[in-house]
Amino acid sequence: MISANDLIALVRNYNPKTNEQLIEAAYNFGGLMHQGQFRHSGEPYFTHPVAVAAILTEQQLDDATIVTALLHDTIEDTKASYSMIFEQFGEDIAKLVDGVTKLTNLQLSSVETKQAENFRKLFMAMSKDMRVILVKLSDRLHNMRTIKSMRPEKQVQKARETMDIFAPLAGRMGMQSMREELEDLAFKVLNPEGRNSIIRRFITMQRETGDVIERITGDMRHELEKTLIDADVFGRAKKPYSIWRKMQEKEQSFSRLSDIYGFRILTTTEEDCYRALGAIHQRWRAVPGRFKDYISQPKSNGYRSIHTTVSGRDGKRVEVQIRTRQMHDVAETGVAAHWSYRDGVRSQNPFAVDPAKWIAQLTEQFDGDDDHEDFLEAVKLEMYSDQVFCFTPKGEVVKLPRGATPIDFAYAIHTRIGSACVGAKVDAMRVPLWTRLKNGQSVEIIIAEGQTPQATWLDIAVTGKAKSAIRKALREADRERFITLGRELARAAFAHVGKKATDKALATAAKHLRLDSADEVLARLGSAELAGREVVQTIYPDLTPKKGKEVDARSAVIGLLPGQSFQRATCCEPLPGERIVGITFRGEGVVVHAIDCARMVEYEDQPDRWLDLHWHDGSHPAVYGTTLDLTIGNDSGVLGRICTLIGEAQANISNLQFVDRKPDFYRLLIYVELRDAQHLHKLMGALEADNDVAAIQRYRGTARDDVAAVPSAQAV
Ligand code: MN
């Protein structure tokens with residue numbers, strides 16, 4: 001095992017000002033906590049955190065990251081707690097260790113490949129500090145390097161996760177060498193035959209062609225020396241997995257050198273990159289369509305390099321990457337370069353990407369960028385700062401927008417689940433349906449047969465999918481209710497003129513009104529889009545209710561000055577027979593309020609606007625709209641009876657609005673047209689007598705908004 005001093009020496013190599021006491025303290029703390037624990041290989045457990053820390057020294061990371069690596073399994077696997085680490089190592093490190101613990105606790109085992117993308121996003125969404133992911137990736141790398149001692153099934157499971165989640169995650173963060181090693185270690189477990197066949201073929205080729213790398217790098221060095229460019233040339237064989245993947249993609253066996261070997265030219269200055277490119281292109285023929293300049297157009301993760309493929313005399317193709325050494329550091333370690341040290345100071349690599357800026361930048365629009373992959377990447381990343389990822393009880397990830405509730409979760413799984421939802425458990429605890437879900441929570445939806453979506457859910461749900469499904473269900477429920485209601489309204493309207501609302505009569509009315517069906521006529525009647533008397537008139541245009549001599553509605557109010565016209569206030573809806581008062585507006589308009597209207601206080605200090613009025617004492621037509629507030633048992637039959645009662649009382653229903661729908665009762669506002677106060681009292685008496693009417697009162701809104709949902713009284 002690497003000793004504390006050896007580890008400190010590794011750090012001191014790149015960061016002479018390292019806090020040695022801190023690293024030593026973490027080393028001792030971790031060693032103590034993990035004492036008596038062993039790995040599958042039989043080694044002391046603490047060898048693992050130390051190895052992870054050593055891997056991170058290769059990326060030249062800061063002290064906090066190294067210390068986090070030493071402590072990364074303590075909260076999860078030992079008696080150490082967050083507060084202990086907080087006290088001894090400070091908040092920064094405690095948060096980092098806690099972040100790694102949270103990622104470790106995610107149940108990845110049931111991950112299906114199609115869910116992998118969501119998991120990768122979840123990782124990033126959960127890690128406010130990207131050093132958490134750097135530690136997690138190194139943790140996985142060490143576990144993969146030592147995977148041999150695990151049970152075979154476990155090996156396959158870990159390898160699958162590595163291939164699906166960790167390796168692409170490393171790639172996304174620009175850590176190419178990490179990605180390649182993770183992929184290759186996983187490949188070794190998942191497809192040893194495939195890997196061996198590639199290695200065998202490789203050895204055969206090497207035997208046939210000799211040391212290709214040495215020959216080609218030698219040629220390139222020679223060309224660059226001729227033009228006096230200061231550059232290093234490296235050649236390397238690609239990892240078996242990346243060769244394998246290319247073969248799969250192109251469906252060809254590997255024979256091209258460019259598929260197997262890669263060459264790099266590292267220069268000191270950017271200018272030398274282009275000079276080197278010129279030298280290479282002068283000596284060898286450039287293959288069309290294979291040139292990319294990521295120096296003038298860097299990738300969003302900070303990657304800068306020139307890529308080209310050239311073919312030699314023998315027609316063999318070779319891939320070449322040209323970049324400066326600083327660019328190379330970023331290409332190898334990606335966003336980790338931001339935290340890296342060189343010679344005791346933050347490396348200040350001008351090409352390193354500030355992870356915070358990196359994410360922010362990705363959320364900006366890519367204009368005219370032809371790098372389609374980067375664009376897609378940007379779109380994906382943009383989404384996950386405002387997303388949450390939750391789990392089903394089976395461990396599937398469900399992606400939701402931030403602020404989503406269990407209702408959204410339920411609809412995201414299936415509309416059927418959403419509609420039948422009656423409750424939810426989050427992390428096994430029963431929670432209200434309006435609870436906002438958080439990253440990583442596991443959500444169980446409790447369903448019950450016969451449950452239907454509630455109108456109040458519209459305020460709780462945030463996803464379009466849930467909202468539109470709820471609206472659709474409410475509309476369907478409303479339609480049935482409206483048809484029932486419409487049937488009663490039709491019966492009352494026809495009875496009013498001594499006729500019957502037969503199916504045939506309604507079908508005829510539908511035809512006259514150009515509606516699809518009798519049901520459509522009823523639904524519109526029920527929803528007050530159509531008035532009962534309109535339907536009657538389409539069939540019996542000559543029949544109108546018999547009327548005695550009634551007071552003209554325009555002159556129903558006595559006491560107006562010449563030229564004044566009046567309007568009934570929508571707040572109190574005064575009826576003939578009630579004590580009223582007028583409030584003038586600009587001399588001409590008068591709004592008639594009930595004398596006890598709550599809004600009269602607003603005019604207390606303006607006595608000159610008050611006008612003494614009273615109703616004509618003749619008999620009035622039933623045109624004065626009044627709102628009734630009813631609470632009734634939840635049974636469609638009740639609504640029908642209410643409509644009949646209203647019809648029998650010779651009042652028209654002109655609108656109906658559900659205010660609240662509870663499983664056991666409805667509250668609704670019914671807008672009826674009445675003759676006078678006496679008419680109202682008779683009607684309310686009749687309704688009150690019905691067993692299923694739990695409560696009835698005249699509705700008098702006090703605020704304008706309150707009555708806005710109800711059509712305002714017509715100017716009469
Ligand atoms: Mn670990």
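We now turn to the structure provided with this report. (Residues numbered from 1 in each chain as written. Predicted model: local features only at pLDDT ≥ 70, side-chain atom pairs only at ≥ 80, totals over all residues. Heavy atoms only, no water.)

Our next topic: the coordination of the manganese ion. Binding of the manganese ion to the protein goes through His48 (NE2), His72 (NE2), Asp73 (OD) and Asp139 (OD), at separations of 2.2 to 2.4 Å. Mapping the donors of the manganese ion onto the primary sequence gives the spacing H-x23-H-D-x65-D. Of this pair, His48 sits in helix H3 (residues 47–58) while His72 sits in the loop between helix H4 (63–71) and helix H5 (74–77), placing them 24 residues apart in sequence. (Donors = N, O, S within 2.8 Å, 3.2 Å for Na, K, Ca; no water. Helix = DSSP H or I, 4+ residues; strand = E, 2+ residues; numbered from the N terminus.)

Moving on, we get to the sheet that holds strand E20 (residues 652–661). In space, the four strands of this open sheet follow the order E20-E21-E19-E22, with antiparallel pairing throughout. Of all strands in the sheet, those with a lone pairing partner are E20 and strand E22 (693–698), marking the two edges. The average angle at which neighbouring strand axes cross in this sheet is 20°, direction not considered. In this sheet, strand E21 (residues 665–674) lies alongside strand E19 (residues 624–633) in antiparallel orientation, the contact comprising ten bridges. (Pairing = 2+ DSSP bridges. Axes fitted to C-alpha atoms, helices over the stretch in contact; angles between N-to-C directions.)

Moving on: the packing of helix H1 (residues 4–14) against H4. Between H1 and H4, whose axes approach to 12 Å, the crossing angle comes to 160°. The angle between H1 and H4 falls in the class roughly antiparallel. The handedness of the crossing between H1 and H4 is right-handed. Contacts from Leu7, Val11 and Tyr14 of H1 reach H4 at Asp63, Ile66 and Leu70. Here the contact of H1 with H4 is composed, by residue class, of five nonpolar, no polar and one charged. (Parallel < 35°, antiparallel > 145°, perpendicular 65-115°, else oblique. Left-handed = near helix turned anticlockwise from the far one by under 90°. Contact = heavy atoms within 4.5 Å. Nonpolar A, V, L, I, M, F, W, Y, C, P; charged D, E, K, R; others polar.)

This next bit is on the pattern of salt bridges. Enumeration according to the criterion identifies 30 salt bridges in this entry. Notably, a salt bridge pairs Glu223 with Arg283, separated by 3.2 Å at the nearest N-O pair. In this pair, Glu223 sits in helix H13 (residues 212–226) while Arg283 sits in helix H16 (residues 270–283), placing the two residues 60 residues apart along the sequence. Among the salt bridges present, the one from Asp552 reaches Arg554, with a minimum N-O distance of 3.2 Å. For Asp552, a relative accessible area of 37% corresponds to the partly exposed category. We classify Arg554 as exposed; its relative accessible area is 62%. Ionic contacts of the salt-bridge type, sharing partners, join the residues Glu578, Asp596, Arg698 and Arg700 into one network. (Salt bridge = Lys/Arg side-chain N within 4 Å of Asp/Glu carboxyl O. Buried < 20%, exposed > 50% of the residue type's maximum accessible area, 1.4 Å probe, protein only.)

Our focus in this paragraph is the packing of aromatic side chains. Within this structure, the stated rule accounts for eight aromatic pairs. The interplanar angle of 45° and the centroid separation of 5.5 Å between the aromatic rings of Phe187 and Trp244 together place this pair among those described as tilted. Remark: Trp244 occurs in helix H14 (residues 240–250) and Phe187 occurs in helix H11 (residues 176–190); sequence separation between them is 57 residues. Pairing Trp615 with Tyr624 gives two aromatic rings, centres 5.6 Å apart and planes at 75°, and the pair type is edge-to-face. A relative accessible area of 6% places Trp615 in the buried class. Its relative accessible area of 0% is what places Tyr624 among the buried residues. Ring-pair connections join several aromatic residues into one group, and the members of that group are Phe187, Tyr241 and Trp244. (Phe/Tyr/Trp six-rings, centres within 6.5 Å; stacked < 30°, edge-to-face > 60°.)

Taken as a whole, helix H25 (residues 518–526) has its buried residues at Glu520, Val521, Leu522, Ala523, Leu525 and Gly526. Next to the buried residues of H25 lie helix H23 (464–496), helix H24 (503–512), helix H26 (532–539) and E20. Immediately downstream of H25, the backbone of Ala528 shows phi near 65°, a positive value.

Let us now look at the packing of H24 against H25. Remark: H24 packs on H25, axes separated minimally by 8 Å, with the N-to-C direction vectors making an angle of 85°. With respect to each other, H24 and H25 are oriented roughly perpendicular. Seen from H24, the contacting residues are Leu506, Ala507, Ala509 and Ala510; seen from H25, they are Ala518, Val521 and Leu522. Considering only residue class, the contact of H24 with H25 consists of seven nonpolar, no polar and no charged.

For helix H10 (residues 152–172), which comprises 21 residues, the first-to-last C-alpha distance of 29 Å matches the rise-based estimate of 30 Å (1.5 Å per residue) to within 8%. Along its length, H10 reaches its greatest deviation from straightness, about 45°, at Thr162. Where H10 ends, the next residue or the one after it, Gly174, has phi of about 80°, a positive value. (Expected span 1.5 Å × (residues − 1). Bend = angle between axes of the 7 residues up to and from the residue.)

Let us now look at the pairing of E19. Burial analysis of E19 places nine of its ten residues in the buried class, the great majority of the element. Judged from the five bridges that link them, E19 and E22 form a sheet pairing that is antiparallel. The partner of Ile632 across the bridge, within E22, is Val693.

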